[in-house]
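# Close look at the chain arrangement
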Amino acid sequence: MNFTHETLPQRVVFAAGSAAEAVAAEVAALKCSRVMLIASGREAGLVDPIAKKLPVVLRHEDVVMHVPVEVAVRAREAAETSGADVLVSVGGGSTTGLAKAVAMTTGLPIIAVPTTYAGSEATSVWGLTEGETKTTGVDNKVLPASIVYDASLLTSLPGKMTVASGLNAMAHCVDSMWGPRSDPIDRALAQEGIRGLAEGLPVVAADPASMAGIEQTLYGAYLAAVAFASAGSGMHHKICHVLGGMFNLPHAQTHAVVLPYVLAFNSPNAADADVRIATAFGSPTATAGLAALRKTLDAPRALKDFGMPESGIEKAVAPLLRAIPVNNPTPVTHENVTALLRAAWEGSEPA
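Thresholds, definitions, all that
- Residues numbered from 1 in each chain as written.
- Predicted model: local features only at pLDDT ≥ 70, side-chain atom pairs only at ≥ 80, totals over all residues.
- Heavy atoms only, no water.
- UniProt positions renumbered as here; feature names shortened; annotations may be inferred.
- Helix = DSSP H or I, 4+ residues; strand = E, 2+ residues; numbered from the N terminus.
- Phe/Tyr/Trp six-rings, centres within 6.5 Å; stacked < 30°, edge-to-face > 60°.
- Buried < 20%, exposed > 50% of the residue type's maximum accessible area, 1.4 Å probe, protein only.
- Lys NZ or Arg CZ within 6 Å of the ring centre and 35° of its normal.

So, on to the UniProt feature "domain: Alcohol dehydrogenase iron-type/glycerol dehydrogenase GldA" (unreviewed entry) in the protein chain. The feature "domain: Alcohol dehydrogenase iron-type/glycerol dehydrogenase GldA" (unreviewed entry), as given by UniProt, occupies residues 9-150 in the numbering adopted here. Counting secondary structure, residues 9-150 comes out at 33% helix and 28% strand; the distance between its end C-alpha atoms is 20 Å.

See the structure below:
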């Protein structure tokens with residue numbers, strides 16, 4: 001073995017039914033006393049009980065998918081004006097992403113309270129969108145100091161969003177098998193993450209309020225994000241970031257659609273990854289395991305269903321050829337990337 005692995009410093013608290021008390025304890029542990037609470041107005045029912053336990057100086061609700069630059073600027077200005085000394089984000093990936101955008105320029109610590117399986121809370125990856133271009137980067141300043149996972153906050157997540165968000169987490173695992181910095185530790189974490197997600201997701205898809213199913217899925221999603229944070233963004237995430245920024249596609253659903261096509265594209269040239277993924281699914285092959293899970297979940301199938309125009313296939317190819325890492329298991333060409341995008345756009349069987 002010849003590799004270097006870095007484990008990111010972060011506290012993780014599983015606190016079913018007691019997010020408010022757990023977040024308050026994390027604020028106190030950081031010796032902070034002026035909270036900027038970032039959460040969409042749609043999350044008010046979940047956020048109000050947490051807010052009551054915190055020294056909130058500002059409640060910021062201006063959250064937008066893909067974190068447009070102008071939205072980030074407004075949040076940064078609000079943080080400076082309020083004199084906040086800590087950020088508490090309650091929500092999905094867009095909410096966590098906005099907190100990261102603020103932390104990047106202010107240096108304020110983040111306590112993240114996820115309400116989906118997005119995984120952004122466990123990574124030092126940030127993303128900002130300007131026009132049709134989404135830019136991502138890595139900065140330890142945006143890594144949340146603490147995560148509080150409370151399964152009760154996800155019991156009202158709609159079934160379709162549960163499936164899409166969970167498959168987004170699955171994509172973190174799959175990309176971690178061949179990301180630009182992937183190592184044996186990342187692959188071990190990702191394999192266990194896939195097993196956890198494959199066990200938990202069918203339970204929450206059938207019963208979105210199942211606490212046991214949610215906790216198992218959160219466990220898998222956390223491992224997925226930790227593996228991804230170390231391995232780096234591979235082919236799958238590069239495709240989804242380009243398409244999401246270019247066509248303003250919904251984040252989780254885009255990941256859910258694209259994943260089987262990237263797995264089918266790369267697994268023939270990634271034997272170790274194929275065995276690990278297949279083993280985690282308890283399936284003969286990686287692609288068969290994912291296909292069976294997607295059938296059980298009635299997963300999203302086609303990019304055209306979420307607003308991507310057919311003309312966008314050709315438009316996206318050149319940016320993708322520039323973005324996909326050079327160590328991708330299957331070499332990328334204009335022809336095979338175009339074929340992958342068309343299949344994902346149509347929702348045809350992965351080949």
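Summarizing the sequence annotation, UniProt attributes the feature "domain: Fe-containing alcohol dehydrogenase-like C-terminal" (unreviewed entry) to residues 162-345 in the numbering used throughout. Between the first and last C-alpha atoms of residues 162-345 the distance is 22 Å; the span itself is 73% helix and 0% strand.

Under the criterion given, the structure shown has 2 aromatic pairs. Here Y149 and Y222 contribute two aromatic rings whose centre-to-centre distance is 6.1 Å and whose plane-to-plane angle is 75°, an arrangement assigned as edge-to-face. Residue Y149 is located in strand β8 (residues 146-149), and its partner Y222 is located in helix α7 (residues 211-231); the two are separated by 73 residues in the primary sequence. By relative accessible area, which is 1% here, Y149 ends up buried. Taken together, the aromatic side chains of F14, Y149 and Y222 make up a single cluster linked through ring pairs. The positively charged end of K304 is found above the aromatic ring belonging to W345, 5.5 Å away from the centroid.

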